[in-house]
Amino acid sequence: MPGIDRYRFAVLAVCLTLVLGGCASAVRWENTADGVQGQTYTVRRGDTLYSIAFRHQLDYRSLARWNGIGGSYLIKPGQTLRLYPSGNTQQPDTTVARSPSPTTRTPPPARSPTRSTPTPPSRPASPPAKPAIAKGQWLWPVRGDILRAYSERSKGIDIGGQVGESIRASAGGTVVYAGSALKGYGQLVIIKHSEAELSAYGHNRKLLVKEGQRVEQGDVLAEMGLGPSRQPLLHFEIRHNGQPVNPLGLLPRA
């Protein structure tokens, strides 16, 4: 019946609207001044600048710079952060010396009849491929079998063990996040080792450190918990300038 079909369609449309509204996340899209869309993120309780940068694979220093956040890196719930550079600041901040403008203009040289291959624009230097903390200076956070190897999807490695086993700091640093706000990581600890290096320890049963705490290499951070498959494991990552690197290339051989 046409009338019944229209009624069912209306009910379905209302239900779909409610479902999509309930699934809204803290990430939003907005139009920039040049018409390009970029993401924004609304800070939630428990977030830190480091955890937000970690979630989106960004360098926390860039995230702070894009949003005018000072060196304290303090943020507050409800604050909207831009996850992209403003204007044309696509390149890292650099200071370039400019030559003074000449008082007279020199006419351009005559063009050669033969066409030359144009020189491609120079690209900014890429960050070092490996962290400044060299291989051999990292410690295994726990000893066990590698249950999941590093990949672009995993961003780290999963190390097996026993529930309650001690999870240790792979290198010394400062705890910049301790909580469970990052989906997919469970109870998570993030340590800042240098301006460029972070390490992360996920799926813990219990956290034994708090944000702002200084830890030394080998200090106990947490107790091992269960991963998504209900198997005891530690998810371990190392980030350099916000980008994941393979921990197996830096950890000492087992």
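Position numbers for residues start from 1 in each chain and track the written sequence from start to end. This being a predicted model, a pLDDT of at least 70 is required before a residue's local features are given, and a value of 80 or more before pairs of side-chain atoms are given or counted; all residues contribute to the totals for chains, interfaces and linings. Side-chain descriptors were evaluated using all non-hydrogen atoms of the structure, hydrogens and water having been removed beforehand.

Asker: Explain the packing of aromatic side chains to me, and be specific about the residues and the numbers.
Answerer: For Phe, Tyr and Trp, rings pair up if their centres lie within 6.5 Å, where Trp contributes its six-membered ring, and each pair is then called stacked (planes under 30 degrees apart), edge-to-face (over 60) or tilted (otherwise). All chains considered together, the criterion is met by 5 aromatic pairs. On the numbers, 5.4 Å between centres and 70 degrees between planes, the contact of Phe 54 with Tyr 185 is edge-to-face. Of this pair, Phe 54 sits in helix α2 (residues 49-55) while Tyr 185 sits in the loop between β7 (173-179) and β8 (187-192), placing them 131 residues apart in sequence. Both residues of the pair, Phe 54 and Tyr 185, count as buried. An angle of 45 degrees between the planes, with centres 5.2 Å apart, marks the rings of Tyr 201 and Phe 236 as tilted. Here the residue Tyr 201 occupies a position in strand β9 (residues 197-207), and Phe 236 occupies one in strand β12 (residues 232-240), the gap between them amounting to 35 residues. For the pair Tyr 201 and Phe 236, one class covers both residues: buried. A connected cluster of aromatic rings, assembled from ring pairs, spans Tyr 50, Tyr 60 and Tyr 73. Secondary structure elements are defined from DSSP: runs of H or I of at least 4 residues count as helices, runs of E of at least 2 residues count as strands, and each element is numbered from the N terminus. Three exposure classes are used, based on accessible area relative to the maximum for each residue type with a 1.4 Å probe and protein chains only: buried under 20%, partly exposed in between, and exposed over 50%.

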